[in-house]
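Understanding the architecture of this molecule
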Amino acid sequence: MSDQEKDQNNAEPQVETVEEQQAAAAAEAESEQAEPTVEEKLAEADAELARVKKALAEADVRAQAEVQNVRKRAERDVQHARKFALEKFAGDLLSVADNLERGLAALDAEDEALKGAREGIELTLKSLLDAFARYNLEQISPADEPFNPELHEAMTMVPVPNVDPNTVIEVLEKGYQLNGRLIRPARVVVSKAP
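Structure report, in brief.

Calculation notes
- Residues numbered from 1 in each chain as written.
- Predicted model: local features only at pLDDT ≥ 70, side-chain atom pairs only at ≥ 80, totals over all residues.
- Heavy atoms only, no water.
- Helix = DSSP H or I, 4+ residues; strand = E, 2+ residues; numbered from the N terminus.
- Contact = heavy atoms within 4.5 Å.
- Buried < 20%, exposed > 50% of the residue type's maximum accessible area, 1.4 Å probe, protein only.
- Core = buried A, V, L, I, M, F, W, Y, C linked by side-chain atoms within 4.5 Å.
- Pairing = 2+ DSSP bridges.
- Axes fitted to C-alpha atoms, helices over the stretch in contact; angles between N-to-C directions.
- Phe/Tyr/Trp six-rings, centres within 6.5 Å; stacked < 30°, edge-to-face > 60°.

The subject of this paragraph is the overall build of the chain. Tallying secondary structure elements over the chain gives five helices and six strands in all. When the helices and strands of the chain are placed in sequence order, the string is α-α-α-α-α-β-β-β-β-β-β. Partitioning the intrachain contacts of the chain with sequence separation of at least 6 by distance along the chain shows that 63% fall at a separation of at least 24.

Here's what the structure looks like:
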């Protein structure tokens, strides 16, 4: 490079025009406006922190409610398990009670020779029904009551004069409930209008 070229490169920069100066000032003002100040950044951070705190508080409330629901559900399940744990066992014993009742019905009440056997079966049936009562297993024997499809199973309908329609006239097999839950419906004969 020649000395003359070096002098031109080292020479003072040329003076800008007024328009160039205004454009430079406008660009500088825009850059200052584009960058937020420290106070604006702090305000944005505070607002974001408030949103996060609110979201966490809502999530905490939901989580606590869910824990309470799970606890209540578990308590209800344990309570039902205790209440109805004997359901299958009780269902199996119902046939024993039915057979004892059939045995009593088959024995002639007037025959003195069968009196001892009859008393033995009566006592056995009574002790079984007492055991049922201790565990809230209740017998449903709806003779002369209105028919209830939630507790009774109609095996047949018979026209009977002088009896209201839909009245149980005969119990073929007694029903049972365990703590209010139906284990077996009573099988019955229901009257109908003649």
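Right, picking up where we left off after that structure.
With that settled, the discussion passes to the side chain of E173. Following the sequence through the fold, E173 ends up in strand β3 (residues 168-173). The exposure class of E173 is buried, given its relative accessible area of 17%. Not counting residues up to four positions away in its chain, the partners in contact with E173 are D98, R102, R184, P185, A186 and R187.

It is worth spelling out the nonpolar core at this point. F84, A90, L94, A97, L100, L104, L125, L128, F132, L137, Y176 and L178 together form the largest nonpolar core, which totals 12 residues. Within the residue set of this core, elements represented by two or more residues are α4 (87-106), α5 (115-134) and β4 (175-178). At five residues, α4 tops the list of elements feeding residues into this core. Dropping the residues within four chain positions of it, L100 is found in contact with I121, T124, L125 and L128. Counting residues in hydrophobic clusters, the runner-up holds five residues, among them V168, A186, V188 and V190.

Side chains G175 and Q177 of β4 all project onto a buried face; the interleaved residues Y176 and L178 project onto the opposite face, where all are buried too. Summarising the sheet, strand β1 (residues 137-140) and β4 pair through four bridges and their orientation is antiparallel. Within β4, the residue paired with E138 across the bridge is Q177. Bridge count for β4 against strand β5 (residues 181-184) is three bridges, and the pairing is antiparallel. For L178, the partnering residue across the bridge sits in β5 and is R181.

The strand order β2-β6-β3 describes an open sheet built from three strands, whose pairing is mixed. Each end of this open sheet is capped by a strand with a single partner; those strands are β2 (152-159) and β3. The average angle at which neighbouring strand axes cross in this sheet is 25°, direction not considered. Bridging between β3 and strand β6 (residues 186-192) involves four bridges; their strand directions are antiparallel. Residue V168 lies in a different strand from β6, and its bridge partner there is V190.

What follows concerns the packing of aromatic side chains. On inspection of all chains with the given rule, the structure shows one aromatic pair. Between the aromatic rings of F132 and Y176, the centroid separation amounts to 5.8 Å while the plane-to-plane angle is 85°, which identifies the pairing as edge-to-face. Of this pair, F132 sits in helix α5 while Y176 sits in strand β4, and the two are 44 residues apart along the sequence. The two residues F132 and Y176 agree in class, both being buried.

Our focus in this paragraph is the sheet that holds β1. Strand order in this open sheet of three strands is β1-β4-β5, and the pairing throughout is antiparallel. Two strands close off the open sheet at either side, each with one partner strand: β1 and β5. Ignoring strand direction, the axes of neighbouring strands in this sheet form an average angle of 35°.

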